[in-house]
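Overview (structure and organization)
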Amino acid sequence: QVQLVESGGGLVQAGGSLRLSCAASGRTFTRYTMGWFRQAPGKEREFVAGISWSGGATDYADSVKGRFTISRDNAKNTVYLQMNSLKPEDTAVYYCAADYWNPVVTTKSNDYEYWGQGTQVTVSS
């Protein structure tokens, strides 16, 4: 299995930027499709972005397209989420997730077997 630890969350003003990191340890990182999800208070967890094993394929929720960028550094076993032009509605706990041995980037949370503990992102207006 793989262990995931997120970092980089915090408080930022609307229009600002944050970069989240997710460090993975355990099984071979390159065998995992990686995703970022978020959950706001009173709402269901939702897909934000995903990236394939090699980084050659990515997918984004419509709400973050053009503002967020997912990337991975397989040499460092780390996946990133660069978040620009943040809005108050981006406020949520952000979770990193790993989907083992799936070459397709999936948006379904049930497809991801491993999850981090989450990191809080708060965007003030």
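Our structure's up above, just so we're on the same page.
Below: a short report on this structure. (Residues numbered from 1 in each chain as written. Predicted model: local features only at pLDDT ≥ 70, side-chain atom pairs only at ≥ 80, totals over all residues. Heavy atoms only, no water.)

As for the environment of Ser21
- Mapped onto the secondary structure, Ser21 falls in strand 3 (residues 18-26).
- By relative accessible area, Ser21 is classed as buried at 16%.
- Note: C-alpha distance between Ser21 and Arg72 (51 residues apart in sequence) is 9.3 Å. (Helix = DSSP H or I, 4+ residues; strand = E, 2+ residues; numbered from the N terminus. Buried < 20%, exposed > 50% of the residue type's maximum accessible area, 1.4 Å probe, protein only.)

Topic: the packing of aromatic side chains
- By the definition in use, this model includes 9 aromatic pairs.
- Ring centres 5.6 Å apart and planes at 75° place the aromatic pair Phe37 and Phe47 in the edge-to-face group. Here the residue Phe37 occupies a position in strand 4 (residues 32-39), and Phe47 occupies one in strand 5 (residues 46-51), the gap between them amounting to 10 residues. An identical accessibility class is assigned to Phe37 and Phe47; each is buried.
- Considering the side-chain rings of Phe37 and Trp115, the 5.0 Å spacing of their centres and the 55° angle between planes classify their relative orientation as tilted. Of the two residues, Phe37 sits in strand 4 while Trp115 sits in strand 10 (residues 114-115), which places them 78 residues apart along the sequence.
- Relative accessible area serves as the criterion here: at 1%, Phe37 is assigned to the buried category.
- Its relative accessible area of 27% is what places Trp115 among the partly exposed residues. (Phe/Tyr/Trp six-rings, centres within 6.5 Å; stacked < 30°, edge-to-face > 60°.)

Note that every value here comes from positions in space, so none of it alone points to a role or purpose.
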